[in-house]
Amino acid sequence: MFDVDTASQSLGIELLEAADGRAVTRMTVLPGMVNGHDIAHGGYVFLLADTAFACACNSHGPVTVASAAEITFVAAVHRSDVLIATAAERTTFGRSGIYDVTVHRSRAGDLDVVAEFRGHSRVVDQQRH
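Here we summarise the structure given alongside this text. (Residues numbered from 1 in each chain as written. Predicted model: local features only at pLDDT ≥ 70, side-chain atom pairs only at ≥ 80, totals over all residues. Heavy atoms only, no water.)

## A closer look at the overall build of the protein chain
Then step 1. Helix and strand content of the protein chain: two helices and six strands.
Then step 2. Helices (α) and strands (β) of the protein chain occur, in sequence order from the N terminus, as α-β-β-α-β-β-β-β.
Then step 3. Taking 2.2 N^0.38 as the reference for a compact globule, 129 residues should give roughly 14 Å; the C-alpha atoms of the protein chain span a radius of gyration of 14 Å, in line with that estimate.
Then step 4. Seen along its three principal axes, the alpha-carbon backbone of the protein chain occupies a region of about 45 × 25 × 25 Å.
Then step 5. Within the span of the protein chain, comprising 129 residues, buried residues form 38% of the whole.
Then step 6. Intrachain contacts of the protein chain at a sequence separation of at least 6 include 62% that bridge at least 24 residues.
Then step 7. A total of about 7000 Å² of accessible surface is found on the protein chain, and carbon and sulfur atoms cover 50% of it. (Helix = DSSP H or I, 4+ residues; strand = E, 2+ residues; numbered from the N terminus. Rg over C-alpha atoms; globule rule 2.2 N^0.38 Å. Buried < 20%, exposed > 50% of the residue type's maximum accessible area, 1.4 Å probe, protein only. Contact = heavy atoms within 4.5 Å. Areas by Shrake-Rupley, 256 points an atom, 1.4 Å probe, with all protein chains shown as cover.)

## A short note on the nonpolar core
Then step 1. In terms of nonpolar packing, the biggest core is built from 28 residues, with Val29, Val45, Leu48, Val77, Leu83, Val101 and Val103 touching the most fellow members.
Then step 2. Listing elements by their share of this core, those giving two or more residues are strand S2 (22-28), helix H2 (42-57), strand S4 (82-93), strand S5 (96-107) and strand S6 (110-123).
Then step 3. Counting residues per element, this core draws most heavily on H2, which supplies eight residues.
Then step 4. Discounting chain neighbours no more than four positions away, the residues touching valine 103 are Val45, Leu48, Ala49, Leu83, Ile84, Ala85, Asp112, Val113, Val114 and Ala115. (Core = buried A, V, L, I, M, F, W, Y, C linked by side-chain atoms within 4.5 Å.)

## What to know about the pattern of salt bridges
Then step 1. Within this structure, the stated rule accounts for six salt bridges.
Then step 2. Aspartate 38 is the partner of arginine 79 in a salt bridge, and the nearest nitrogen-oxygen pair spans 2.4 Å. Here the residue arginine 79 occupies a position in the loop between strand S3 (64-73) and S4, and aspartate 38 occupies one in the loop between S2 and H2, the gap between them amounting to 41 residues.
Then step 3. Taken together, the shared-partner salt bridges connect Asp81, Arg105 and Arg107 into one network. (Salt bridge = Lys/Arg side-chain N within 4 Å of Asp/Glu carboxyl O.)

## Structural notes on the packing of aromatic side chains
Then step 1. Using the criterion set out here, one finds three aromatic pairs in the structure.
Then step 2. On the basis of an interplanar angle of 50° and a centroid distance of 5.7 Å, the ring pair of phenylalanine 53 and phenylalanine 117 is categorised as tilted. With phenylalanine 53 in helix H2 and phenylalanine 117 in strand S6, the pair connects residues that are 64 residues apart, well separated along the chain.
Then step 3. Under the relative-accessibility criterion, phenylalanine 53 is labelled buried at 1%.
Then step 4. With relative accessibility at 2%, the residue phenylalanine 117 sits in the buried group.
Then step 5. Each residue in the set Phe46, Phe53, Tyr99 and Phe117 is aromatic and connected to the rest through ring pairs, giving one cluster. (Phe/Tyr/Trp six-rings, centres within 6.5 Å; stacked < 30°, edge-to-face > 60°.)

## Quick look at the side chain of serine 8
Then step 1. Within the secondary structure, serine 8 sits in helix H1 (residues 6-10).
Then step 2. Overall, serine 8 belongs to the buried group, its relative accessible area being 3%.
Then step 3. Excluding residues within four positions of it along the chain, serine 8 makes contact with Phe2, Ile13, Leu47 and Thr51.

## Observations regarding the sheet that holds S5
Then step 1. If you trace the six strands from one edge of the open sheet to the other, you get S1-S2-S4-S5-S6-S3, paired in antiparallel fashion. Strand pairing shows two members of the sheet lacking a second neighbour, strand S1 (14-19) and S3, which therefore form its edges. Here the strands of the sheet are splayed against their neighbours by 20° on average, with no regard to which way each runs.
Then step 2. Most of the contacts of H2 go to S2, to which it runs at about 150°, and overall it touches S1, S2, S3, S4, S5 and S6. (Pairing = 2+ DSSP bridges. Axes fitted to C-alpha atoms, helices over the stretch in contact; angles between N-to-C directions.)

Below, the structure written as structure tokens:
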């Protein structure tokens, strides 16, 4: 799935790991990603977390999409920050699932939390997809 995700790849998002309901993605905040306050636009942080979420929930095989998602921004993100999003499956039930994603800023070997994301997934009917 990630191999043909041009939206994520055009922003420089890298998939570091995806298996068994987990995924890790990484992105460097580029100059074009900052807003008028000179901090990263929250939409880019959301997109990084959403990409990790998508890779985690699709790691099982069936085509799975988001049915809902929310994010809480914990700290400001700045130009040139390297962000790492780690997604983990919390539970699945029927065709639905819940995944949590933590977005960290990687700085000198330390990982500071900058956002927490929760995504709800739904396996789609491939005959209708």
